[in-house]
Amino acid sequence: MNQLQRMAYMALFTAIATFGSSLVWFPAGVAKAYPVQHAVNVVAGVLLGPGPAVIIAFVTGLLRNLMGTGSLLAFPGGMIGAFLAGYIYRKTSRTWAASIGEVAGSGVIAPLFAVPYAKLLMGTAAGAFFFLPAFLVSSLSGSFLGFLLVRRLVKLKAWKYRFGQ
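A. Representation of helix α1 (residues 3-23). A rise of 1.5 Å per residue sets the reference length of α1, with its 21 residues, at 30 Å; its end C-alpha atoms lie 30 Å apart and thus fit the reference within 8%. Listing the buried residues of α1 in full gives Tyr 9, Met 10, Phe 13, Thr 14, Ala 17, Thr 18, Gly 20 and Ser 21. By the N-cap criterion, in which a side-chain oxygen at the helix start approaches the backbone nitrogen of a residue two or three places on, α1 is capped by Asn 2, the distance to Leu 4 being 3.1 Å.

The following block contains the structure:
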């Protein structure tokens, strides 16, 4: 895949995550769950790798914040999960491992990062267990959707045809 194709897919995934997050969400404790963002993290992590997946998550979080449809918690949640999804997939070549990486990054590790982040930038001193249920529900649902999508693309051989894998 050349650089132009990679950038086009990054823009496409950013648009899907940004628009999809405004359409598909549900309340999950103290936050809203955006499963489309996590599904895109898994697909981008598998298809493009950890670096582009993190950039997609960052730009998506930035756009959602600029449009007023996201919170500052979208940054640690999306970026850590996207990195681990891509990194673990690169190490194992297993799509289920990318989903596990997304859940571990966005659902477990991100709440730990969210505590000082939320205190510094949002003025709340909530603990990690305050954020953990919402982050976990959101990442579980989205990474499952991403896993199903990746499996379907592989089964249809769209993956091999388009990306030379």
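B. Structural detail: the nonpolar core. Counting residues in hydrophobic clusters, the biggest one holds 20 residues, and the most contacted among them are Phe 13, Val 40, Leu 48, Ile 56 and Ala 98. Those elements that place two or more of their residues in this core are α1, α2 (35-47), α3 (50-67) and α4 (74-92). The element that contributes the greatest number of residues to this core is α2, accounting for seven residues. What Ala 98 contacts, discounting residues up to four positions off in sequence, is Val 42, Val 46, Ala 85 and Tyr 89. If you look at the next biggest cluster of nonpolar residues, it comprises seven residues, including Leu 84, Ala 110, Ala 114 and Phe 131.

C. A nonpolar patch on the surface, seen in detail. Nonpolar side chains collect at one region of the surface, where Phe 58, Leu 62, Leu 63 and Leu 66 lie side by side and expose about 360 Å² of accessible area between them. Here Phe 58 lies in helix α3. Looking at Phe 58, the relative accessible area reads 37%, which means it is partly exposed.

D. Local environment of the packing of aromatic side chains. Counted according to the given criterion, the structure contains three aromatic pairs. Between Tyr 9 and Phe 13, the ring centres sit 6.5 Å apart and the planes meet at 35°, which makes this aromatic pair tilted. Taken together, the residues Tyr 9 and Phe 13, both in helix α1 and four residues apart, mark about one turn of the helix. On the basis of relative accessible area, Phe 13 is assigned to the buried category, the value being 10%. Note on Phe 58 and Phe 75: the rings are 5.5 Å apart at their centroids and 40° apart in plane angle, and the pair reads as tilted. With Phe 58 in helix α3 and Phe 75 in helix α4, this pair connects stretches of sequence that are 17 residues apart.

E. View of the side chain of Ser 139. Relative to the helices and strands, Ser 139 resides in helix α6 (residues 128-155). A polar contact is formed between the side chain of Ser 139 and the backbone oxygen of Leu 136, at a distance of 3.2 Å. Those residues in contact with Ser 139 that sit more than four places away from it in its chain are His 38, Glu 102, Val 103, Ser 106 and Gly 107.

F. Highlighting the side chain of Arg 64. Secondary-structure assignment places Arg 64 in helix α3. For the buried Arg 64, which has no salt bridge, the nearest side chain bearing the opposite charge is Glu 102, at an N-O separation of 9.9 Å. Discounting chain neighbours no more than four positions away, the residues touching Arg 64 are Thr 18, Ser 21, Tyr 34, Gln 37, Thr 69, Gly 70 and Ala 74.

What counts and how
Residues numbered from 1 in each chain as written. Predicted model: local features only at pLDDT ≥ 70, side-chain atom pairs only at ≥ 80, totals over all residues. Heavy atoms only, no water. Helix = DSSP H or I, 4+ residues; strand = E, 2+ residues; numbered from the N terminus. Expected span 1.5 Å × (residues − 1). Buried < 20%, exposed > 50% of the residue type's maximum accessible area, 1.4 Å probe, protein only. Polar contact = N/O pair within 3.5 Å; in protein donor to acceptor, adjacent residues only side chain to side chain. Core = buried A, V, L, I, M, F, W, Y, C linked by side-chain atoms within 4.5 Å. Contact = heavy atoms within 4.5 Å. Patch = residues over 30% accessible without salt bridge, like charges linked within 9 Å, V, L, I, M, F, W, Y side chains within 5 Å. Areas by Shrake-Rupley, 256 points an atom, 1.4 Å probe, with all protein chains shown as cover. Salt bridge = Lys/Arg side-chain N within 4 Å of Asp/Glu carboxyl O. Phe/Tyr/Trp six-rings, centres within 6.5 Å; stacked < 30°, edge-to-face > 60°. Lys, Arg positive; Asp, Glu negative; His and termini not counted.

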